[in-house]
Amino acid sequence: MSKAWFITGTSTGFGHELAEQLLARGDRVAATLRRTEALDALAARYPDQLWIRRLDVTDTAAIRAVVDAAFAELGRIDVVVSNAGYGLLGAAEELTDEQIEHQLQTNVVGSIQLTRAVLPHLRAQGGGKILQLSTMGGQMAYAGMSLYHASKWAIEGFLDSVGQEVATFGIQTCLVEPGGARTDFAGRSLAMAPASEAYAATPAARVRELAASRTASAIPGDVRKMARAMIDAADAEETPRRLLLGSDAYKLVHTALAERLAFVEAHHDLAVSTDADDYVPAAT
Ligand SMILES: NC(=O)c1ccc[n+]([C@@H]2O[C@H](COP(=O)([O-])OP(=O)(O)OC[C@H]3O[C@@H](n4cnc5c(N)ncnc54)[C@H](OP(=O)(O)O)[C@@H]3O)[C@@H](O)[C@H]2O)c1
């Protein structure tokens, strides 16, 4: 049976690819974006399946209004994809206050407020799914991308918690964690801080150089295959809580988690040594 979807950031990349694949299989899509003309071609091909609204996810009041209108006009929405977002490159010291605020407002607050706006509707209709675009960088970190990582680690913690709050209402959540993918992300969607002399010989500057010199063939992620995997995950009866996509994502997240687990194990004795002498663990 065909489904209805709500997706943010559908002008390019994952958002656009998801919309295109979903429309091609007969689903209905409530597509939101800042530049609505980017959907002109899809609107001409699928006039009865595509609902389009302008939405900048930094505008919380607009998120609520557009979400309410989408549920009112489409009736039921089965899957919500919080996709809009961008990267920010530069050492923490090099970033401007405005860059930091805008990154967090878009990737964190925008995603949180979208989830909060859709939850009453999903509860009222008896369930649904929320897919949140995170990244492999939501579980590991490169130098030179601290604010992007901060934004995605924040949204991972948020959704991990919310997923437990809403499971009882039949709502499933999924953190999508792609590695590098051939979208506009590494190009026009990567904001940069002005480079400083002080960081010229540091790992942050090397990541900057790498980002500037990286060619498409050095980026593993196939956008079509990744979007297909997201759709399959949403279609599954039990949608996974996390969806790791890309060989780079698998390798880097595996390494980071193995290191963290080894660290936790190495600290067992110290950790338990700081418990109060009369501590009694609560029954679980
Ligand atoms: N590509 C990768 O390597 C990669 C890897 C892991 C995770 N991701 C995540 O995937 C998501 C989508 O990125 P992408 O790779 O598909 O890159 P993309 O092609 O650059 O698409 C980014 C989308 O987000 C939109 N957007 C940015 N700020 C917005 C705002 N304030 N309000 C509404 N829309 C906004 C952009 O709209 P405009 O056209 O108006 O700018 C665009 O539609 C992001 O959350 C990103 O963090 C990407």
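In the block above lies the structure referred to throughout.
Below: a short report on this structure. (Residues numbered from 1 in each chain as written. Predicted model: local features only at pLDDT ≥ 70, side-chain atom pairs only at ≥ 80, totals over all residues. Heavy atoms only, no water.)

Looking now at the overall build of the protein. Scanning the protein from N- to C-terminus turns up 9 helices and 9 strands. Since a compact globule built from 284 residues should have a radius of gyration of about 19 Å, the 20 Å found for the protein is in line with a globular shape. Of the contacts formed within the protein by residues at least 6 apart in sequence, a portion of 69% connects residues at least 24 apart. (Helix = DSSP H or I, 4+ residues; strand = E, 2+ residues; numbered from the N terminus. Rg over C-alpha atoms; globule rule 2.2 N^0.38 Å. Contact = heavy atoms within 4.5 Å.)

Here we come to the environment of His102. Tracing the chain through its elements places His102 in helix α4 (residues 97-124). Its relative accessible area of 35% is what places His102 among the partly exposed residues. (Buried < 20%, exposed > 50% of the residue type's maximum accessible area, 1.4 Å probe, protein only.)

This part covers the site of the ligand. Around the ligand there are 30 residues in total, and Ser11, Arg35, Tyr148, Thr183 and Ser189 lie nearest to it. Between an oxygen atom of the ligand and a main-chain N or O atom of Gly13, the distance comes to 3.3 Å. In isolation the ligand offers 890 Å² of accessible surface; the protein chains occlude 97% of this area. Counting residues per element, the ones that place at least two in the shell around the ligand are α1 (13-24) and α5 (146-166). Tallied by class, the residues present in the shell around the ligand amount to 9 nonpolar, 15 polar and 6 charged. (Near = heavy atom within 4 Å. Polar contact = N/O pair within 3.5 Å; in protein donor to acceptor, adjacent residues only side chain to side chain. Areas by Shrake-Rupley, 256 points an atom, 1.4 Å probe, with all protein chains shown as cover. Nonpolar A, V, L, I, M, F, W, Y, C, P; charged D, E, K, R; others polar.)

It is worth spelling out the side chain of Gln113 at this point. With respect to the helices and strands, the residue Gln113 is situated in helix α4. Given the relative accessible area of 16%, Gln113 is considered buried. Once residues within four sequence positions are removed from consideration, Gln113 is found in contact with Thr60, Ile63 and Arg64.

This part covers the layout of surface pockets. A volume near 180 Å³ is recorded for the second largest pocket. Every residue along the wall of the second largest pocket is listed here: Met1, Ser2, Lys3, Arg76, Asp78, Val79, Gly127, Gly128, Lys129, Gly170 and Ala234. Of the residues belonging to the lining of the second largest pocket, the class tally is 3 nonpolar, 4 polar and 4 charged. (1 Å grid on protein atoms, 1.4 Å probe; cavity = no way out; pocket = protein on both sides within 12 Å on 5 of 7 lines; lining within 4 Å. Points joined across faces, edges and corners; volume = space filled by probe spheres on them.)

A few words on the sheet that holds strand β7 (residues 171-178). With parallel pairing, the 7 strands of this open sheet are ordered in space as β3-β2-β1-β4-β6-β7-β9. If you trace the sheet from one side to the other, it starts and ends with β3 (50-54) and β9 (242-245), each paired once. With strand direction ignored, the average angle separating the axes of adjacent strands in the sheet is 15°. Packing of helix α7 (residues 223-235) onto the sheet brings it into contact with β1 (4-7), β4 (79-82), β6 (128-133), β7 and β9, and relative to β9 it is tilted by some 160°. (Pairing = 2+ DSSP bridges. Axes fitted to C-alpha atoms, helices over the stretch in contact; angles between N-to-C directions.)

A few words now on the packing of aromatic side chains. To describe a pair of aromatic rings, one takes the distance between the centres and the angle between the planes. Enumeration according to the criterion identifies 1 aromatic pair in this entry. Over the face of the ring belonging to Phe169 we find Arg123, whose NZ or CZ atom lies 5.5 Å from the ring centre. (Phe/Tyr/Trp six-rings, centres within 6.5 Å; stacked < 30°, edge-to-face > 60°. Lys NZ or Arg CZ within 6 Å of the ring centre and 35° of its normal.)

With that settled, the discussion passes to the packing of α4 against α5. α5 packs onto α4 with a crossing angle of 15° between their chain directions and a minimal axis gap of 9 Å. In terms of their interaxial angle, α4 and α5 are classed as roughly parallel. Note that α4 runs across α5; the crossing there is right-handed. In contact with Ile100, Gln103, Leu104, Asn107, Val108, Ser111, Ile112, Thr115 and Leu119 of α4, α5 contributes Leu147, Tyr148, Ser151, Lys152, Ala154, Ile155, Phe158, Leu159, Val162 and Val166. Each residue belonging to the contact of α4 with α5 can be placed in one class, and the counts come to 13 nonpolar, 5 polar and 1 charged. (Parallel < 35°, antiparallel > 145°, perpendicular 65-115°, else oblique. Left-handed = near helix turned anticlockwise from the far one by under 90°.)

We now examine the pattern of salt bridges. Applying the stated criterion across every chain, the model contains 13 salt bridges. The closest approach of N and O atoms between Arg76 and Asp78, which form a salt bridge, is 2.8 Å. Using a relative accessible area of 16% as the deciding quantity, one classes Asp78 as buried. Between Glu177 and Arg242 there is a salt bridge, and its shortest N-O distance comes to 3.1 Å. Residue Glu177 is found in strand β7, and its partner Arg242 is found in strand β9; the two are separated by 65 residues along the sequence. Exposure remark for Glu177: the relative accessible area of 2% places this residue in the buried category. Here Arg242 falls in the partly exposed class, since its relative accessible area comes to 31%. Members of the salt-bridge network, linked through shared partners, are Glu156, Asp160, Glu177, Arg241 and Arg242. (Salt bridge = Lys/Arg side-chain N within 4 Å of Asp/Glu carboxyl O.)

Right, let's talk about α5 for a bit. Between its first and last C-alpha atoms α5 spans 30 Å; for 21 residues at 1.5 Å apiece the expected length is 30 Å, and the two agree. When α5 is considered as a whole, its buried residues turn out to be Leu147, Tyr148, His149, Ser151, Lys152, Ile155, Glu156, Phe158, Leu159, Val162, Gly163 and Val166. Its buried side turned inward, α5 meets β5 (87-89), α4, β6, β7 and β9. (Expected span 1.5 Å × (residues − 1).)

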